[in-house]
Amino acid sequence: MIPFADQIAELTSYRDREQLDVALAHALKDLLQPSSVTIQRCVGEGDDQHWLTRARLSSDSAVATSDGPWTDLHTLPRLVAGDPRCVAFSEHRMVLVPGTPHLMYFPLHGGDAVVGVIEIETPTAPDEAAQRLVHGVLRIYRNFERLLHYSERDSLTGLLNRKTFDENFLKATAAMELPPEDPSDGRRIGGSPCGYWIGVIDIDHFKLVNDRFGHLIGDEVLLLLSRLMGRSFRIHDRLYRFGGEEFLVLMRCHSEDDAAQVFQRFRSNTELFQFPQVGTVTVSVGFTAVRPGDTPSSAFERADKAVYHAKANGRNQVCSHADLLATGLLVEENAKVGDVELF
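Residues numbered from 1 in each chain as written. Predicted model: local features only at pLDDT ≥ 70, side-chain atom pairs only at ≥ 80, totals over all residues. Heavy atoms only, no water.

This part covers the overall build of the protein chain. Helix and strand counts for the protein chain come out as ten helices and twelve strands. Within the protein chain, buried positions represent 48% of all 343 residues. The long-range share in the protein chain, meaning contacts at least 24 apart out of those at least 6 apart in sequence, stands at 62%. In the form shown here, the protein chain has an accessible surface area of approximately 17100 Å², with 52% of it arising from carbon and sulfur atoms. (Helix = DSSP H or I, 4+ residues; strand = E, 2+ residues; numbered from the N terminus. Buried < 20%, exposed > 50% of the residue type's maximum accessible area, 1.4 Å probe, protein only. Contact = heavy atoms within 4.5 Å. Areas by Shrake-Rupley, 256 points an atom, 1.4 Å probe, with all protein chains shown as cover.)

So this is what it looks like as structure tokens:
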């Protein structure tokens, strides 16, 4: 039991989801000695769902392989009805496929839902003790993953919280390379060579919603808006609630125009949606490219200035920090915007 205890101690030492899945794959490999272990998560919605490999280990590999977190969704294998993975995923049960090799599929739980599957390939059929061992490890994984889920999520909307943003931001941008210098003046060319962007979203006149309809209806608006975000942004975009009526998105795009298009789609979807009792609700969005050397606070500050400008100049619009800076329209820090009340 000492190896088992060591594996569980290692497994529950991670707070990062990707590292946690890799640790799970290593634990199952060391405990069962299979030919391979593969952990796949389901990504996408409706009829457009795909398998994203989070960790794969063969018997002779020391380092797990995986699909990148920003992999294009449509390059991944699709879910196919009747496939053993889909059966384990949809029916929440273990599926055995005898043969040479022998395959076992187990549902992978994340939070309170099944989010993927684990495929274990063995040269011969595993006995019941091996199956019980896998179930035991997965129960521990599920309990620990549930604790992580509650610690990094906003309790009302289920979106990621601000503390998690800081961690995700630093991890996502750690490998960013500096863009080349302009030889004419030594300035850096380009804002985001790796294409990372953050956008701050603020609900227009949300104080009036709470004052007129009460905080319960206000909470419903926040919850429905978070669901609109889930449908408007892409599967790999990271969505956060920073508190109150302020939300944030961390995403990757090829250009500023691409980022602006995604934010405009969400702004339009929000304006067209009819919120129960309240009716039409609009949002203001400010976004910025993430620069090499940025901290979470420095990138957030630029996006926040852009959303402040949007709210001070008509609301219900998307503003780019770079555009505001280039045109001289950016509101300087601590500057007053007439008598406009921003809420």
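Mapping Asp202 onto the fold places it in strand E6 (residues 196–203). Residues Asp202 and Val307 lie 105 residues apart in sequence; the distance between their C-alpha atoms is 7.4 Å. When neighbours within four sequence positions are excluded, Asp202 is seen to be in contact with Glu245, Glu246, Val283, Ser284, Val307 and Lys311.

On to the packing of helix H5 (residues 162–173) against helix H9 (residues 296–312), then. At a minimum axis distance of 10 Å, the contact between H5 and H9 shows a crossing angle of 110 degrees. Looking at the two axes, H5 sits roughly perpendicular to H9. Between H5 and H9, the contacting residues are Arg162, Phe165, Asp166, Phe169 and Leu170 on the first element and Pro296, Ala299 and Phe300 on the second. Taken together, the residues of the contact of H5 with H9 break down into six nonpolar, no polar and two charged. (Axes fitted to C-alpha atoms, helices over the stretch in contact; angles between N-to-C directions. Parallel < 35°, antiparallel > 145°, perpendicular 65-115°, else oblique. Nonpolar A, V, L, I, M, F, W, Y, C, P; charged D, E, K, R; others polar.)

The next point concerns the sheet that holds strand E4 (residues 102–110). As a general point, the strands of a sheet are linked pairwise by backbone hydrogen bonds and lie either parallel or antiparallel. Across the sheet, five strands lie side by side as E2-E1-E5-E4-E3; this open sheet has antiparallel pairing. What marks the edges here is a single partner per strand, and that holds for strand E2 (48–58) and strand E3 (95–97). Neighbouring strand axes in the sheet, compared pairwise and without regard to direction, differ in orientation by 25 degrees on average. For E3 and E4, the ladder comprises three bridges, and the chain directions are antiparallel. (Pairing = 2+ DSSP bridges.)

Our focus in this paragraph is the side chain of Glu246. With respect to the secondary-structure elements, Glu246 resides in strand E8 (residues 246–252). The buried charged residue Glu246 lacks any salt bridge partner; its closest oppositely charged side chain belongs to Arg162, at an N-O distance of 4.9 Å. With residues near it in sequence (within four places) discarded, Glu246 still touches Val200, Ile201, Asp202, Arg241, Phe300 and Asp304. (Lys, Arg positive; Asp, Glu negative; His and termini not counted. Salt bridge = Lys/Arg side-chain N within 4 Å of Asp/Glu carboxyl O.)

So, about the packing of helix H2 (residues 17–32) against helix H4 (residues 128–152). At a minimum axis separation of 11 Å, H2 and H4 run at an interaxial angle of 165 degrees. Between H2 and H4, the angle falls in the class roughly antiparallel. As H2 runs across H4, the sense of the crossing is right-handed. Together, Arg17, Leu20, Asp21, Leu24, Leu28, Leu31 and Leu32 of H2 and Ala130, Leu133, Val134, Val137, Leu138, Tyr141, Phe144, Glu145, Leu148, His149 and Glu152 of H4 make up the contact between the two elements. (Left-handed = near helix turned anticlockwise from the far one by under 90°.)

Another aspect to go through is helix H6 (residues 206–213). Three or more residues of H6 are buried, namely Phe206, Val209 and Asn210. An end-on view of H6 places all buried positions within 95 degrees of arc, on one side of the element. Seen from the buried face of H6, the exposed residues on the opposite side, beyond 90 degrees, are Asp211 and Arg212. After H6 finishes, the residue Gly214 shows a positive phi value of roughly 95 degrees. (Arc of directions from axis to C-beta.)

On the basis of which strands lie adjacent, the open sheet formed by five strands has the order E7-E8-E6-E11-E12 and mixed pairing. Both outer strands of the open sheet, strand E7 (238–243) and strand E12 (318–320), are each paired with one neighbouring strand and no more. Looking at each pair of strands side by side, their axes are set apart by 20 degrees on average, direction ignored. Summarising the sheet, E6 and strand E11 (residues 283–289) pair through seven bridges and their orientation is antiparallel. The residue bridging Trp197 from the neighbouring strand is Ala289, located in E11.

Quick look at the packing of aromatic side chains now. Any two aromatic rings considered together are summarised by their centre-to-centre distance and by the angle between their planes. Summed over the entire model, instances satisfying the criterion amount to ten aromatic pairs. Between the aromatic rings of Phe165 and Tyr240, the centroid separation amounts to 5.3 Å while the plane-to-plane angle is 80 degrees, which identifies the pairing as edge-to-face. Of this pair, Phe165 sits in helix H5 while Tyr240 sits in strand E7; the two residues are 75 residues apart in sequence, bridging distant segments of the chain. An identical accessibility class is assigned to Phe165 and Tyr240; each is buried. Ring geometry for Phe233 and Phe263: centres 5.8 Å apart, planes at 70 degrees, overall edge-to-face. Within this pair, whereas Phe233 is found in the loop between helix H7 (215–232) and E7, its partner Phe263 is found in helix H8 (residues 256–272), the two being separated by 30 residues in sequence. One exposure class covers both Phe233 and Phe263, and it is buried. (Phe/Tyr/Trp six-rings, centres within 6.5 Å; stacked < 30°, edge-to-face > 60°.)

Bringing the pairing of E6 into the picture now. Of all eight residues in E6, eight are buried; the element is thus mostly enclosed. Neither face of E6 is left uncovered, since the one carrying Tyr196, Ile198, Val200 and Asp202 and the one carrying Trp197, Gly199, Ile201 and Ile203 both have all their residues buried. By the bridge criterion, seven bridges tie E6 to E8 in an arrangement that is antiparallel. Following the sheet pairing, Ile201 is matched in E8 by Phe247.

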